[in-house]
Every structure is written in structure tokens, then in C-alpha cells.
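# Fold and geometry: a report
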Amino acid sequence: MAKEFKPETLCVQAGWKPKKGDPRVLPIYQSTTFKYDTSEQMARLFDLEDSGYFYTRLQNPTNDAVAAKIAALEGGVAAMLTSSGQAANFYAIFNICQAGDHFVCSSAIYGGTFNLFAVTMKKLGIEVTFVNPDASEEEIKEAFRPNTKCLFGETISNPSLEVLDIEKFARIAHSQGVPLIVDNTFPTPINCRPFEWGADIVVHSTTKYMDGHATCVGGCIVDSGNFDWDKYADKFPGLCTPDESYHGLTYTTSFGKGAYITKATAQLMRDLGSIPSPQNSFLLNIGLETLHLRMPQHCNNAQRVAEYLESNDKVAWVNYCGLPDNKYYPLAQKYMPKGSCGVISFGLKGGRDTSIKFMDALEMVAIVTHVADARTCVLHPASHTHRQLSDEQLMEAGVRPDLIRLSIGIENADDIIEDIEQALNR
Ligand SMILES: *Cc1c(COP(=O)(O)O)cnc(C)c1O
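Residues numbered from 1 in each chain as written. Predicted model: local features only at pLDDT ≥ 70, side-chain atom pairs only at ≥ 80, totals over all residues. Heavy atoms only, no water.

### Describing the domain arrangement of the chain
Much of the literature gives interface size as the accessible area that the parts lose upon coming together. Per the domain assignment, the segments of the chain are domain 1 (7–287) and domain 2 (293–425). Relative to domain 2, the C-alpha centre of domain 1 lies at a distance of 30 Å. Each partner contributes residues to the interface: domain 1 has 29 residues there, and domain 2 has 28 residues. Summed over both partners, the interface of domain 1 with domain 2 comes to about 2,600 Å²; 60% of that surface belongs to carbon and sulfur atoms. For domain 1, the biggest contributors to the area lost against domain 2 are Leu161, Asn191 and Tyr209; these three give 29% of the whole. Scanning the region where domain 1 abuts domain 2 turns up two salt bridges. With its nearest N and O atoms 2.5 Å apart, the salt bridge here joins glutamate 167 to lysine 334. For the interface between domain 1 and domain 2, the tally reads 19 residue pairs in polar contact (both at pLDDT 80 or more). Of all the elements in the fold, those that place two or more residues in the side of domain 1 that touches domain 2 are helix 7 (166–175) and helix 8 (188–191). Taken together, the residues of the side of domain 1 that touches domain 2 break down into 14 nonpolar, eight polar and seven charged. (Domains from an automatic or database assignment. Contact = heavy atoms within 4.5 Å. Buried area = accessible area lost by both parts, 1.4 Å probe. Salt bridge = Lys/Arg side-chain N within 4 Å of Asp/Glu carboxyl O. Polar contact = N/O pair within 3.5 Å; in protein donor to acceptor, adjacent residues only side chain to side chain. Helix = DSSP H or I, 4+ residues; strand = E, 2+ residues; numbered from the N terminus. Nonpolar A, V, L, I, M, F, W, Y, C, P; charged D, E, K, R; others polar.)

Now the structure itself:
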């Protein structure tokens, strides 16, 4: 984009650029394939000598326009959509790690990501070491090995709501010659742009606030273009040495700052195929058009509800980084001065059983396995997502047995508080 637009404008205008007579609204290119006039034209695409569409598993104009919008919002050079946040996290790591490699990860991450990294990637021969994100730089550096290829963390962790010190993590990663990958799902680029603090790659579950309406599971990987792969060419042979599956082409030489996303598309999408449907990308784009309007409403409502809960004597504790007495308030103020996200966790006096009774008494607020959409919803990890664990195991996993996760929507805060109040009184 020639002009540097502000985030609000990018939400509406970035991505789809219609030419004379084109549809004003991003069209759904619901086509698996694309037509060419000569065999030679098609052959050049297969050799990555020309850019162009030929098969939707590799690239599709609807998907690409939405990826370009998210890249613009994050301030990155290139992006790729995936069919889920899980696929985005897997590709982000697998693009630079292979069997025999290792990476370091904050222990405060989403449960699905934890399983992917600790169990499934281990089966592929890739090992992870989890570190306490609040530990000192020296302690975290001790987890690095000669075969370590990246450092990973979540800006705000789901569901423990810990705020990552992005600058500290970037310093550690860069001192070890590896990139920092940040999952920025909860704040979205409206509230935090990790590249401005030194992150190299950002991943998203677009399923959450970006879609915002709980319609489509999806993910995205964005590259800042800032990491100098060639400087550490021995660590990243996949990017810096010839790819035999593309006639000996070297990604960093041929694509410069586009190397990481081009490799992820040309190798991982080609071989693993977790593409979003163009229909889903169209819906994601509609969601993105109002992201800048919805995020402040989520945050303002969450702040009101958190303050209400904190002042209620039936409530034992409240965890929300917008509360001044929260452990992560200073980091939240630094990295997310406009607001963090709409997710709160809290516990009731009386513990686990009282939490269940409270949730059943809610009328408007629904019990669902989801966070971060327009409707306020609630989940009790001890009875739902983590129900196989004993109270002791729950505490080890950082999930208190009485923890209620409340995802505040964009309704009127008075109505949300009224529903919570009537449920507490019952
Ligand atoms: C939900 C979530 C994911 C997984 O995304 P899916 O779209 O459900 O596959 C990854 N990271 C975070 C922080 C999430 O909240």
C-alpha cells in the first residue's frame, strides 16, 4: 500500500484492491483451479518463476486478499491463511524445525498448542522445552541448545491470562540467533502489534476476535520480514540452501523478505494442505471490517464486569490484566495501553460446586466451548475442557478447580452485569 493508513482504515480498506469494473466487495473465488492459455505459462508457475494462481490448495485470490489485510494490520511483509489456529501454529514452527531440532516455549499457552508442541511434534522428532515466561533472561537462556530454532509465546495466554514481556522474549531469542514467534490471538493487532516490540513472526487463531462472530475456524501466519535468516544460514538450511523439490531454488535468495511465507506456501501448504475455504475467508474479511469497533467494546465491557466482580463479596478472586492490582497490569499498560481483551477469569467463594451452580443460573450468558466472539459466554475448565484431571493435576496445569472463564461480548455491560448478579444471588 502506497500510503500508510491507520489500523481503523486498514480494517476496512486493506487487502482487496478492485480495478476498473471489478466487484467493490471482495468476491468469493469459489474455484479450485485457474485457467491459462499456453502450457508454457502454466509450467512457469510450477517452477515458481511467475506468480499466479493455479490451484486453490496453494493460493486463492479471496484467501490472499484477506491474508494481505492481516499482514497490513500487523505491519508485516507477507501472510498466509490456514484452516485453523492449530494449523497456523504447526506450520509456523514446522517451517523452520525438522526432526532433531528443538524450540523453547512459554509454559503459559493455550492447551491445544501445548498438546501439539509437547505430544504431536515430539512424535515428529521435534522437541520443546517449556519455560516460565516470568523467569529471568538468564534462566530462560539456559533452555537453549545448539539445535534450538525458535522461541514461542502468547501475548495474552489462553486461559491463564498472563501477559508476555515481548521485548524481553525478543532480546532472548535474538541473543540466541533465533526468531521470536508470538501468538497474538487475544489482543489482535488493534490492541498490540508484536512486531513493534521485536517479534519476528505472528500467528493467530482468526476463529476468535478477528472473525468475531463464531462462524469460521481459521488461522493466520504473518512474517515481519525482519529476521536475517542468511546470517544464521547453518541453523535454517530449509530457507537458505537449495530446495530440491523446486529445482534447486533457494528461498532467501529468490524471495528476500518473502522467503518464510513463500516456503510455508510452496512446501507446507503443497504437502499438508490446511487451506481455508474461500467462503470462510470471505466471512473472516467481513469480521475484520469491524474489528476496530468491536475490540474497544469487548475491552470496556470486560473492564466494567471485572470491576463489578472484584467489588462483589461472593467472589473469591478475579484475574484481568486491566485491574490495577493484577500482577500483569504494568505489562498490559506497556504493551496494550488501549485495552487488552475481553476475557476474564474468576473464582467464587465456595469453590468448584458453587461455580457450577452459578453457571447453571445464568440466563443470557451461555455455556459454550469458545471465547472471543460477540456473545458473552462462560466455561468451567475443571468440568469441561480439563474434566479428566484431579484437583491436584488442575493446579499443576495452572487451572484452579473453581476457575470460571468468562468471555465478555459486545452487548450492553449493564445487561451482562445484571445477568451475573441474578445468578450470584441464586
Ligand atoms: C483457540 C486458540 C488457538 C487454536 O486455534 P483454533 O482456531 O481453535 O485451531 C491457538 N492459540 C490460541 C491463543 C487460541 O486461543
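### Observations regarding helix 4 (residues 85–94)
Judged by how many residues are buried, helix 4 sits mostly within the fold: eight of ten residues are covered. Regarding helix 4, the residues found buried are Gly85, Ala87, Ala88, Asn89, Phe90, Tyr91, Ala92 and Ile93. (Buried < 20%, exposed > 50% of the residue type's maximum accessible area, 1.4 Å probe, protein only.)

### A word on the sheet that holds strand 1 (residues 78–82)
Ordered by their spatial adjacency, seven strands build an open sheet running 1-7-6-5-4-2-3, and the pairing between neighbours is mixed. Whereas interior strands pair on both sides, the edge strands pair on one side only; in this sheet they are strand 1 and strand 3 (127–131). Averaged over all pairs of adjacent strands, the angle between their axes in this sheet comes to 20°, without regard to strand direction. The sheet contact formed by strand 5 (residues 180–183) and strand 6 (residues 201–205) spans three bridges and is parallel. From the neighbouring strand, valine 182 faces strand 6, where its bridge partner is valine 202. (Pairing = 2+ DSSP bridges. Axes fitted to C-alpha atoms, helices over the stretch in contact; angles between N-to-C directions.)

### Digging into the site of the ligand
Inspection of the region around the ligand gives 16 residues, with Asn158, Asp183, Ser205, Thr207 and Lys208 positioned closest. A distance of 2.7 Å separates a nitrogen atom of the ligand from a polar side-chain atom of aspartate 183. Lysine 208 is positioned with one of its side-chain polar atoms (N or O) 2.6 Å from an oxygen atom of the ligand. For the ligand, whose accessible area on its own is 380 Å², the fraction buried by protein is 92%. With three residues, the single largest contributor to the shell around the ligand is helix 4. For the shell around the ligand, the residue count by class is three nonpolar, ten polar and three charged. (Near = heavy atom within 4 Å. Areas by Shrake-Rupley, 256 points an atom, 1.4 Å probe, with all protein chains shown as cover.)

### Observations regarding the sheet that holds strand 10 (residues 366–367)
Strand order across the open sheet formed by five strands is 8-9-12-11-10, with mixed pairing between neighbours. In this open sheet, the two edge strands, each paired with only one partner strand, are strand 8 (315–319) and strand 10. Bridge count between strand 8 and strand 9 (residues 343–348): four bridges; the pairing is antiparallel. Paired with valine 318 across the strands is phenylalanine 346, a residue of strand 9. Each of strand 8, strand 9 and strand 12 (404–407) touches helix 13 (residues 291–310); the most contacted strand, strand 9, lies at about 15° to it. Across the sheet, helix 15 (residues 351–361) lies against strand 9, strand 10, strand 11 (377–379) and strand 12, angled at about 125° from strand 9, the strand it touches most.

### Remarks on the pattern of salt bridges
In the structure shown here, the tally under the stated rule is 15 salt bridges. For arginine 44, the salt bridge goes to glutamate 49, with nearest N and O atoms at 3.4 Å. The class for arginine 44 is partly exposed, based on a relative accessible area of 30%. With relative accessibility at 48%, the residue glutamate 49 sits in the partly exposed group. The shortest N-O distance in the salt bridge between glutamate 137 and arginine 171 comes to 2.6 Å. Of the two residues, glutamate 137 is situated in helix 6 (residues 137–141) and arginine 171 in helix 7; the sequence distance between them amounts to 34 residues. According to the relative accessible area criterion, arginine 171 is partly exposed, its value standing at 46%.

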